[in-house]
Amino acid sequence: MAAAAEKTADIAQLKEQARRLRVKIVKMLAESGSGHTGGSLSAADMVTALYFYKMRHRADDPKWPERDRFILSKGHAAPVLYAALALAGYIDRSLLGNLRKIGCPLQGHPSSKQLEGVEVSTGSLGQGLSIANGIALGLRLDRTPARVYCLMGDGETQEGQIWEAAMSAGHYRLDNLCALVDLNSLQIDGRCEDVMRIDPVAAKWQAFGWHTIEIDGHDMQEIVAALDAAEAYQGKPTVILARTIKGKGVSIFEDKVEFHGVTPNKDELAIALQELGE
Amino acid sequence: MGSREEAKPQTTTDFCGQHVATRDAYGATLAELGAENEKIVVLDADLSGSTKTAKFAKLFPERFFNMGIAEQDMVGTAAGLSLTGKIPFASTFAVFETGRAWEQIRQTICYSHLNVKLCASHSGLTVGEDGASHQALEDIALMRVLPGMTVIVPSDGYETRQVVQAAAAFDGPVYVRLGRAKVPACLPQEYRFQIGKGYAFNIGKDVNIIAIGIMLPMALKAKEMLAADGIDAGVINMASVKPLDKELVLKAAQASKFIVTCEEHSVLSGLGSAVAEYLSETCPVLIKKIGVQDTFGCSGPADELLKLFGLTPEAIVETVKAGAAQK
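Residues numbered from 1 in each chain as written. Chains lettered and ligands numbered in written order. Predicted model: local features only at pLDDT ≥ 70, side-chain atom pairs only at ≥ 80, totals over all residues.

1. Observations regarding the overall build of chain A
For clarity, the threshold we go by: Secondary structure counts use DSSP, requiring at least four H or I residues in a row for a helix and at least two E residues in a row for a strand, with both numbered from the N terminus. Put simply, the radius of gyration uses C-alpha atoms, and a globule should come to 2.2 Å times the residue count raised to 0.38. Here a residue counts as buried when 20 or more other C-beta atoms fall within 10 Å of its C-beta, as exposed when 12 or fewer do, and as partly exposed in between; the C-beta atoms come from the backbone. Contact between residues is assigned whenever the C-beta positions, reconstructed from backbone atoms, fall within 7 Å.
Counting secondary structure elements, chain A contains 10 helices and seven strands. Taken over C-alpha atoms, the radius of gyration comes to 17 Å for chain A, in line with the 19 Å a tight globule of 278 residues would show. With the C-alpha coordinates of chain A rotated into their principal frame, the extents come out at 50 × 45 × 35 Å. Among the 278 residues that make up chain A, the fraction classed as buried is 53%. Put simply, 77% of the contacts in chain A that link residues at least 6 apart link residues at least 24 apart.

2. Quick notes on the overall build of chain B
Tallying secondary structure elements over chain B gives 13 helices and 14 strands in all. Computed over C-alpha atoms, the radius of gyration of chain B comes to 19 Å, within 12% of the 20 Å expected from 2.2 N^0.38 for 327 residues, which places it in the range of a compact globule. Taken over the C-alpha atoms alone, chain B extends approximately 65 × 40 × 40 Å along its principal axes. Taken across its 327 residues, chain B has 59% of its residues classed as buried. Taking contacts inside chain B between residues at least 6 apart in sequence as the whole, the part at least 24 apart equals 80%.

3. Considering the interface of chain B and chain A
It is common to give the size of an interface as the accessible area lost on bringing the parts into contact. How we decide: Charged means Asp, Glu, Lys or Arg here, nonpolar means Ala, Val, Leu, Ile, Met, Phe, Trp, Tyr, Cys or Pro, and polar covers whatever is left, Gly included.
Residue-level contacts link 23 residues of chain B with 23 residues of chain A. Counting only elements with at least two residues in the side of chain B that touches chain A, the list comes to α4 (71-82) and α6 (102-110) of chain B. For the side of chain B that touches chain A, the element with the most residues is α4 of chain B, which contributes eight residues. A class-by-class count of the residues in the side of chain B that touches chain A yields nine nonpolar, 10 polar and four charged.

4. Regarding helix α8 (residues 157-169) of chain B
Stated formally: Take the number of residues in a helix, subtract one, and multiply by 1.5 Å to get its expected span.
The first and last C-alpha atoms of α8 of chain B sit 19 Å apart over 13 residues, in line with the 18 Å expected at 1.5 Å per residue. Listed as buried for α8 of chain B are Gly157, Tyr158, Glu159, Thr160, Arg161, Gln162, Val163, Val164, Ala167 and Ala168 of chain B.

5. Thoughts on the nonpolar core
So the rule is basically this: Each nonpolar core consists of buried Ala, Val, Leu, Ile, Met, Phe, Trp, Tyr and Cys residues. Their C-beta atoms, within 7 Å, join them into a set.
Membership of the largest hydrophobic core comes to 192 residues, with the highest contact counts inside it found for Ile209 and Ala219 of chain B. The residues touching Ala219 of chain B, leaving out its near neighbours within four places in the chain, are Ile209, Ala211, Val235, Cys262 and Ile316 of chain B.

6. Side note on the sheet that holds strand β4 (residues 87-91) of chain B
Residues and elements named next belong to chain B. Rules: At least two bridges found by DSSP between two strands are what make those strands a pair. In this description, a line fitted to the C-alpha atoms serves as the axis of each element, helices being fitted only across the stretch in contact, and the angle between N-to-C directions of two axes falls anywhere from 0 to 180 degrees.
Ordered in space as β3-β2-β4-β5-β7-β6-β12, the seven strands form an open sheet in which the pairing is mixed. In this open sheet, the two strands that pair with only one neighbour each are β3 (64-66) and β12 (240-242). This sheet shows a mean twist of 20 degrees between the axes of neighbouring strands, independent of strand direction. As defined by bridge partners, strand β2 (residues 40-44) adjoins β4 across five bridges and the pair is classed as parallel. Residue pairing for β4: Asp44 is matched across the bridge by Ser91. Lying on the sheet, α4 is in contact with β2, β3 and β4; it crosses β4 at an angle near 170 degrees.

7. Remarks on the confidence of the model for chain B
Residues and elements named next belong to chain B. Put simply, the rule is: For every residue, the pLDDT score states the predictor's confidence, bounded by 0 at the bottom and 100 at the top.
Averaged over all residues, the pLDDT of chain B is 96; the fraction at 70 or higher stands at 96%. This model gives residues 1-6 a pLDDT under 50, and the stretch forms three contacts once residues within four places in sequence are excluded. Both scores are available for the predicted complex, with the pTM at 0.96 and the ipTM at 0.96.

8. Some remarks on the domain arrangement of chain B
Residue and element names in this part refer to chain B. Applicable threshold: Where a domain begins and ends is set by an automatic assignment or by a domain database.
The domains assigned to chain B are domain 1 (15-183) and domain 2 (199-326). Using only C-alpha atoms to locate each centre, domain 1 and domain 2 end up separated by 25 Å. Taken together, the 27 residues of domain 1 in the interface contact 30 residues of domain 2. Of all the secondary-structure elements, those providing two or more residues to the side of domain 1 that touches domain 2 are α7 (139-144), β6 (150-152) and α8. Within the side of domain 1 that touches domain 2, the residues separate by chemical class into 13 nonpolar, eight polar and six charged.

9. Structural notes on the environment of Gly117 of chain A
Residue and element names in this part refer to chain A. With respect to the helices, strands and loops of the structure, Gly117 is situated in the loop between α4 (78-88) and α5 (128-141). The exposure class assigned to Gly117 is buried, which follows from the 22 C-beta atoms found within 10 Å. Sequence separation of Gly117 and Asp60 is 57 residues, and the distance between their C-alpha atoms is 9.9 Å. Sequence-distant contacts of Gly117, that is, excluding residues within four places in its chain, are made with Pro62, Leu85, Tyr90 and Ile91.

10. Some details on the pairing of strand β2 (residues 148-153) of chain A
Residue and element names in this part refer to chain A. The condition is simple: Orient the strands so they point away from the viewer; a crossover is then right-handed if the path from the first strand over the helix to the second runs clockwise.
The buried fraction of β2 amounts to six of the six residues, a majority that puts the element mostly inside the structure. Side chains Val148, Cys150 and Met152 of β2 all project onto a buried face; the interleaved residues Tyr149, Leu151 and Gly153 project onto the opposite face, where all are buried too. Judged from the four bridges that link them, strand β1 (residues 69-72) and β2 form a sheet pairing that is parallel. For Arg69, the partnering residue across the bridge sits in β2 and is Val148. Relative to strand β3 (residues 177-183), β2 is paired through six bridges, and the arrangement is parallel. Its bridge partner lying in β3, Leu151 is registered against Leu180. The parallel pair β2 and β3 is bridged by helix α6 (residues 160-171), and the resulting crossover is right-handed.

The following block contains the structure:
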């Protein structure tokens, strides 16, 4: 692979950045009064590690051809992406307050036509991995060292297209692709195991030809190590299976199914900000 | 991607005057474009022999991706390839391309307005013996309703070649509807396809017949039969179903105050509907729609199916006469 610039992760700094992301998420959701709280917070540590450690990207040149790509297949977690784009300097932070409002490019689910820094519009679940595969194939044709990251939800892997794409990535040995599954165990109607069991997760991906890494999706050191290991692995795509807690970071949201698509009210926001050290 | 001198396809014909299936002209043109433009990549879902993308696959294996029997993944992968600056052509049968993967086309390709070309073969009744499961009679409707989608239905090999070239040169999603059966050549040498432009063979005083695909040669035949009965019929090729050539449709409607549309597709939401939607607001005239009447197809030889479902020059003549009496 590319002579990877020896980057060392400053774990403490990344944790602080993740905290800032969570603050932005709860604030924008409270202001909007509409959006997905739980799944944005569960992915916050992984998205932080991608945007502020692993990915090569340029906020002042969003279409830089050699950039690493991030596809938010679980598009309802748009707030975590918007928070990362704001903190990375892609978008004006003042936009966050207008999430989901008429005329604001911060659509309920990410829209690439409306917001710079969003690679492709997502929101209808199950489609991101196929897109990531196509990008990986294109980058390989171009002999570009850039990599592709695709974040999925665990409930999302109930979509059949995910497994079509898992098969394709395995078949084409897309080692420039790294998928991440946010295993927060919850979906709208309840616990994944009750709604539609997805276990055994690792065995499924392995059977489709993937290299799997299982981590605690809130342990920054483990996330960073997994992303590095994924980049070093050759001959197969890697999937990082990250055990997470939905609503992570705010006790009243954690592991609460009702906070899937519900935003914090005024009191809840105050609690959230206090717990997040604001 | 070192250029492969030996991989250049044989000198291709422009198919003018040739009796070929539009899918054959597509496959040959794709191979030709592949030699000219390294950005062209092709995807198929295990039907490359039938869609004729196999020719490209043989010449440019590194730019051909067989996605297996997985149309949703194929469409999404094509979208991803377009995001790296490639010009993907994704092919399978029209039913599967537009039906099975419709929501992927909507969400990923159209909503993001990606430069993906969906070129589907085996549209309409002329699939023949495989029957209703494989006969797309709804594909124009499904694609036409999507914002930003361009929908093209070429009639013969000569036009198909130009359509495929135009699709490759155009930035944005394009659906090209191709057929299985050999079709007569009907467009003249001077014909030049343009997205958004129709082509009038002539404008009639009594009726104007707007046709696409295999119905175009039938419309031309019907015109001659009508002339023998003293009815002045015009014939218009409206390969660009979306965007529709509104100027030409309006001109035809004003000239004859009677329009007949012909398509190898459901009469619901296809070409006829596109014409009717426009004229109802600008120049309400009598419109008769020839197509499949809100029903599924069935197995049988293509020619016989066309007769069974009333897609013949005789049926066009009959419809024109009935309309003329009603005018």
